[in-house]
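What follows is the residue order along each chain.
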Amino acid sequence: MDFVKVCPVTALPAEGAIEVKVEGRAVAVVRSGGRVYAIDDRCSHAEVSLAEGEVYNGTIECWLHGSCFDLRTGEPTNPPATRPVGTYRVRVEDGDVYVAPGGAQP
């Protein structure tokens, strides 16, 4: 599986997310609990950027209606969202974050 370099680790907040483009797709790269995750950057309920939401306890919260998504699985942990968001395989190497673009799991 090919990985694409998306950002340096230093670009990520200690607990938070940034939006990057991976092959034209908006992806939220998230650091939580010292780990790095990548998920589709659009809430499955309201189509707004998840990278603008709060990150806590291994989840990211949509800023508009409060749905949270598990960073490992993309599954919503509370309403109003009922559909998961895609997740991507991530690799951190030599201070950079790499995402596998073909790895989105809905």
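No experiment lies behind these values; they were computed from the predicted model shown.

Engineer: What should I look at first to understand the pairing of strand β9 (residues 90–93) in this one?
Structural biologist: Along any regular strand, the residues point their side chains to alternate faces of the sheet. Taken together, the four bridges between β9 and strand β10 (residues 96–99) define a ladder with antiparallel strand orientation. The residue bridging V90 from the neighbouring strand is V99, located in β10. The hairpin turn running from β9 into β10, its antiparallel successor, is two residues long, and D94 in that turn takes a positive phi close to 50 degrees.

Engineer: Whenever I open this one, the side chain of D96 confuses me. Can you help?
Structural biologist: Here D96 is to be found in strand β10. With residues up to four places along the chain from it excluded, the contact list for D96 reads K5, C7, P8, V9 and R91.

Engineer: Even after reading the chapter, I still don't get the nonpolar core, so can you show me in this structure?
Structural biologist: In globular proteins that are soluble, nonpolar side chains generally tend to be buried together. Counting 16 residues, the largest nonpolar core has V30, I39, C43, L50, I60, F69 and L71 as the members making the most contacts within it. Secondary structure elements with two or more residues in this core: β3 (25–32) and β4 (35–40). Excluding anything up to four places from it in sequence, L71 contacts V30, S32, Y37, I39, V55, G58, T59, I60 and T87. Counting residues in each nonpolar core, the second largest holds 13 residues, with L12, V20, V36 and A38 among its members.

Engineer: I would appreciate a short explanation of the pattern of salt bridges in the present structure.
Structural biologist: Oppositely charged side chains may form a pair once their charged atoms are brought near each other. Under the criterion given, the structure shown has six salt bridges. Of the charged contacts, one joins R25 and D40 as a salt bridge, the two residues approaching to 3.1 Å between their closest N and O atoms. Here R25, found in strand β3, pairs with D40, found in strand β4; they are 15 residues apart in sequence, far enough to count as distant. The exposure class assigned to R25 is partly exposed, which follows from its relative accessible area of 43%. Overall, D40 belongs to the buried group, its relative accessible area being 13%.

Engineer: Please clarify how the pairing of β10 should be interpreted in this entry.
Structural biologist: Burial along β10 is two-sided: the face carrying D96 and Y98 and the face carrying V97 and V99 are both buried. Relative to β10, strand β1 (residues 4–8) is paired through four bridges, and the arrangement is antiparallel. By the bridge assignment for β10, P8 is matched with D96.

Engineer: Help me understand the sheet that holds strand β8 (residues 87–88), please; the structure alone is not making it clear to me.
Structural biologist: Pairing between the strands of a sheet is mediated by backbone hydrogen bonds and can be parallel or antiparallel. What the four strands build is an open sheet, ordered β2-β3-β4-β8; its pairing is antiparallel. The sheet terminates laterally at β2 (16–22) and β8, the two strands that pair on one side only. With seven bridges connecting them, β2 and β3 associate as antiparallel partners. Each bridged residue has a counterpart across the sheet, and for V20 the counterpart in β3 is V27.

So, how was this worked out
Residues numbered from 1 in each chain as written. Predicted model: local features only at pLDDT ≥ 70, side-chain atom pairs only at ≥ 80, totals over all residues. Heavy atoms only, no water. Pairing = 2+ DSSP bridges. Helix = DSSP H or I, 4+ residues; strand = E, 2+ residues; numbered from the N terminus. Contact = heavy atoms within 4.5 Å. Core = buried A, V, L, I, M, F, W, Y, C linked by side-chain atoms within 4.5 Å. Buried < 20%, exposed > 50% of the residue type's maximum accessible area, 1.4 Å probe, protein only. Salt bridge = Lys/Arg side-chain N within 4 Å of Asp/Glu carboxyl O.

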